[in-house]
Amino acid sequence: MQQVVILGTGGTIAGTGVDPGRSWQYQAAQLTVAQLVQAVPALSASHLDVVQVAQIDSKDMSWAVWRSLGDALQQYLTRDDVAGVVITHGTDTLEETAYLLSHFVDARKPVVLTAAMRPATAHDADGPGNLRDAVRVVHEAARRRLGGVVAVLHGRIWAAEHVRKAHTAQLDAFDGGGHAPLALVDEGGQWTAAAPAWPTSAARAWSLLAKKPPRVEVVHSHADADGWLLDAALAYAGDHGPLDGLVLAGTGHGTLHQGLEAAVNRARAVGVTVWRSSRVARGGVMSRDSDSLRAAGDLTVAQARVALMLYLLESK
Ligand code: ASP
């Protein structure tokens, strides 16, 4: 039987608190990934290898951790005895990591991110069930010859480019921004409504992650947005190195307050690449004939930032 490699990065799934009834009072990233696996009896018969790649609250996710994940994935996915990889992650930036990795992991093997909304010590801890499902999904995907990056959370398999955290507290915290899950996973590990193929956008060389990341920031449009923050960033960048890219979290279909628009034009005039996305939860921002700024499609604002970073890295 091929093995599943579990890469641990921390998060609430590895979090502990002193009072099981007060699950909101805890510290993320306390248990090792080996301890998480030991706590799931259903995994005792599985052939698993565990590797602690990082131990962080995913609010602190960084390019350096993404690079380490990339190194580990390159190493394990090429091994014939590995069916696929599970990554335990925090929920806060899961959509960014999943989306980033989907540009590098090809369709040959599955990579499944999972997480938890409750720490491991909570009465209603959801980590053990999610981890069990994630391992089962790797095995089943390998059997079906499905590969690429997905997230398995609360009985659903989400495509990397659609998954997003949509609730700050509920166990059922993720959705697809208007897209349906690829499949549902029941308690026995059976899939229902399975998509025949998993989307992959992998065409990039892993070596891209070894490069110095470009500086890409996010600015929101809102009432009274007059570009003050962007002008301040441009002035600062003048002395401290370039602002390479900017993602606008626009109103509605990616529109901007006219005050902010004027500052955006000043940014573009000094070479900043600007893309527009939306602060609205569902629907995305599609391109129009009259567009002067590239539209980020269905991506969340944070995923659009990842996309722009990759674009800039490739065009340098
Ligand atoms: N702050 C935590 C994290 O993202 C939240 C979680 O995992 O649910 O690591």
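Conventions used here
- Residues numbered from 1 in each chain as written.
- Predicted model: local features only at pLDDT ≥ 70, side-chain atom pairs only at ≥ 80, totals over all residues.
- Heavy atoms only, no water.
- Pairing = 2+ DSSP bridges.
- Helix = DSSP H or I, 4+ residues; strand = E, 2+ residues; numbered from the N terminus.
- Contact = heavy atoms within 4.5 Å.
- Axes fitted to C-alpha atoms, helices over the stretch in contact; angles between N-to-C directions.
- Buried < 20%, exposed > 50% of the residue type's maximum accessible area, 1.4 Å probe, protein only.
- Right-handed = clockwise from strand over helix to strand, strands pointing away.
- Near = heavy atom within 4 Å.
- Polar contact = N/O pair within 3.5 Å; in protein donor to acceptor, adjacent residues only side chain to side chain.
- Left-handed = near helix turned anticlockwise from the far one by under 90°.
- Nonpolar A, V, L, I, M, F, W, Y, C, P; charged D, E, K, R; others polar.
- Phe/Tyr/Trp six-rings, centres within 6.5 Å; stacked < 30°, edge-to-face > 60°.
- Lys NZ or Arg CZ within 6 Å of the ring centre and 35° of its normal.

A. Looking closely at the sheet that holds strand S11 (residues 216–220). Read from one edge of the open sheet, four strands run S11-S12-S13-S14, paired in parallel fashion. At either margin of the open sheet sits one strand with a lone partner, and together these are S11 and strand S14 (294–295). Note that S11 and strand S12 (residues 245–250) share five bridges and pair parallel. The partner of Val-218 across the bridge, within S12, is Val-247. Contacts between helix H7 (residues 301–315) and the sheet are confined to S11, S12, strand S13 (273–278) and S14, with S13 contributing the most and set at about 155° to the helix.

B. Quick look at the pairing of strand S5 (residues 148–153). By the criterion of burial, S5 is predominantly enclosed, with six of the six residues buried. Of the two faces of S5, the one lined by Gly-148, Val-150 and Val-152 and the one lined by Val-149, Ala-151 and Leu-153 are each fully buried. For the crossover that starts at strand S4 (residues 110–114), traverses helix H4 (residues 127–143) and ends in the parallel S5, the hand is left-handed. By the bridge criterion, four bridges tie S5 to strand S6 (residues 156–159) in an arrangement that is antiparallel. Bridge pairing in S6 links Val-152 to Ile-157.

C. Structural context of the site of the ligand. Within the structure, the ligand sits among Gly-11, Thr-12, Asp-57, Ser-58, Gly-90, Thr-91, Asp-92 and Ala-116. With respect to the ligand, the side chain of Ser-58 contributes an N or O atom lying 2.5 Å from an oxygen atom. The separation between an oxygen atom of the ligand and a polar side-chain atom of Thr-91 is 2.5 Å.

D. Inspection of the packing of helix H3 (residues 94–102) against H7 at higher detail. Look at H3 against H7: their axes get within 9 Å of each other, and the N-to-C directions meet at 35°. When the axes of H3 and H7 are compared, the crossing they make is right-handed. Only Ala-302, Gln-303, Val-306, Ala-307 and Leu-310 of H7 make contact with H3, whose side of the interface consists of Glu-95, Glu-96, Tyr-99 and Leu-100. Tallied by class, the residues present in the contact of H3 with H7 amount to six nonpolar, one polar and two charged.

E. Up close: unusual backbone geometry. The backbone phi angle of Ala-29 is positive, close to 60°, even though this residue is not glycine. You can see Ala-29 is positioned in the loop between strand S1 (3–10) and helix H1 (33–38).

F. Up close: the packing of aromatic side chains. Inspection of the entire model under this criterion finds four aromatic pairs. Taking 6.1 Å as the distance between ring centres and 20° as the angle between the ring planes, the aromatic pair formed by Trp-191 and Trp-198 counts as stacked. A ring pair is formed by Trp-275 and Tyr-311, whose centres lie 5.4 Å apart and whose planes are at 55°; its orientation type is tilted. Linking Trp-275 in strand S13 with Tyr-311 in helix H7, this pair joins segments that are 36 residues apart in sequence. Positioned above the aromatic ring of Tyr-311 is the side chain of Arg-294, whose terminal nitrogen or guanidinium carbon lies 5.1 Å from the ring centre.

Interpretation note: all reported values are geometric properties and have no functional meaning in isolation.
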